Each structure stands twice: as structure tokens, then as C-alpha cells.
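Below are the chains, spelled out letter by letter.
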Amino acid sequence: AVYIFRRIGSQWGQEAYIKASNSNSSDSFGDATALSADVLAVTASEEDSNQKTITNGALASVNNDSQESGAAYIFRRIWNNEKSIWLWVQEAYIKAHNSESGDAFGTAVGMESETVAISATKESSAQTTITNGADGGTDNSAPASGAVYLFRKL
């Protein structure tokens, strides 16, 4: 889980308690976090879903056929006029396009504004060049060589 605390005046208080929308045991949700203004990236490097796409919104795959492939979640702090309070909502669920068991996608995360960098320290692609876009990295002849993926809100 991830706990959000906010200081108001001279007092600190808990603002939110955040869990993955597809939470399962041993996912390691909260492995790494990055906060930029009102956007929070949270990883779960041992998450097991077999999805290979980004889902926008609060949905996330519940198929656990890809052990320890890893995932990342993007949350945004929004104002709720009806309740007159700030709320944290899941904005996206991110999986690598070449996600496979054991990749550990989400071992580290960094964020600048609307761009997120997510590492997969055990990803096994033998690729030695940068690929722009969601392509490449399918030759798995370099075990645990690692990779970094960049995502940007469009």
C-alpha cells in the first residue's frame, strides 16, 4: 500500500491510503514511487498479469499468467466539488509492451511532470539500441540484461 500525508499549516495528516485496483498477494505494490505535483507513479515489480498494454482509468488486468512481470500505476489527485475534498484516483495501469514472466518491470521509477521512467531490471532483450515508440525488445537472448521504458501522457 501507499500512504499519502499532507501538511496543512503546522500539522501533518494522512490524506490517502492507496492500493492497486488488482491487488494480489506478493505483488510488491509500492516497490517504488515517484510524485510530481498531483501525479503519483507506483510500481509493483512482482505483479503477475499477462497484459501487454496500457489501460487508462481504474481498471487493471486480473489474469495472473505472467509471474513477476511487474506493473506500474498512475494516480492523480483531483478536487471533488460534490464532497469539497481532494481525492486520489487511478488514472492508468501500465505494462511493458514486451512484458514477460520474471521481467520485474517497476523495480525503480522516476517522474518529471507527465513523463515516467520505469525500469525492468530482469528484462532479457538483447537489443542494444533505443527504440522510439512501443516496439522492439523481443529477442530474449540476454537474460536479466534490463531495460528502461519511458511513458508520457498524451
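This text follows the structure it describes.
Residues numbered from 1 in each chain as written. Predicted model: local features only at pLDDT ≥ 70, side-chain atom pairs only at ≥ 80, totals over all residues. Heavy atoms only, no water.

Further remarks concern the overall build of the protein. For the protein, the count of helices and strands is zero helices and ten strands. In sequence order, the secondary structure elements of the protein are arranged as β-β-β-β-β-β-β-β-β-β. Taken over C-alpha atoms, the radius of gyration comes to 16 Å for the protein, in line with the 15 Å a tight globule of 154 residues would show. Across its three principal axes, the protein shows a C-alpha extent of roughly 55 × 30 × 25 Å. Burial status across the protein gives 40% buried among its 154 residues. Long-range contacts, defined as pairs at least 24 residues apart, comprise 54% of the intrachain contacts of the protein with a sequence gap of at least 6. If you sum the accessible surface of the protein, you get close to 8,600 Å²; carbon and sulfur atoms cover 50% of it. Counting 11 positive and 18 negative side-chain charges, the protein places the centres of these two groups 10 Å from one another. (Helix = DSSP H or I, 4+ residues; strand = E, 2+ residues; numbered from the N terminus. Rg over C-alpha atoms; globule rule 2.2 N^0.38 Å. Buried < 20%, exposed > 50% of the residue type's maximum accessible area, 1.4 Å probe, protein only. Contact = heavy atoms within 4.5 Å. Areas by Shrake-Rupley, 256 points an atom, 1.4 Å probe, with all protein chains shown as cover. Lys, Arg positive; Asp, Glu negative; His and termini not counted. Charge placed at Lys NZ, Arg CZ, Asp CG, Glu CD.)

All right, on to the sheet that holds strand β9 (residues 115-120) then. Reading across the sheet, the three strands line up as β8-β9-β10 and stay open at both edges, with antiparallel pairing between neighbours. In this open sheet, the two edge strands, each paired with only one partner strand, are β8 (105-112) and β10 (147-152). Going from strand to strand, the sheet's axes swing by 20° on average, the running direction of each strand aside. As paired strands, β8 and β9 are joined by five bridges and run antiparallel to one another. Across the sheet, the residue bridging to Met111 is Val116, located in β9. (Pairing = 2+ DSSP bridges. Axes fitted to C-alpha atoms, helices over the stretch in contact; angles between N-to-C directions.)

Purely geometric stuff here, so don't read any function into it on its own.
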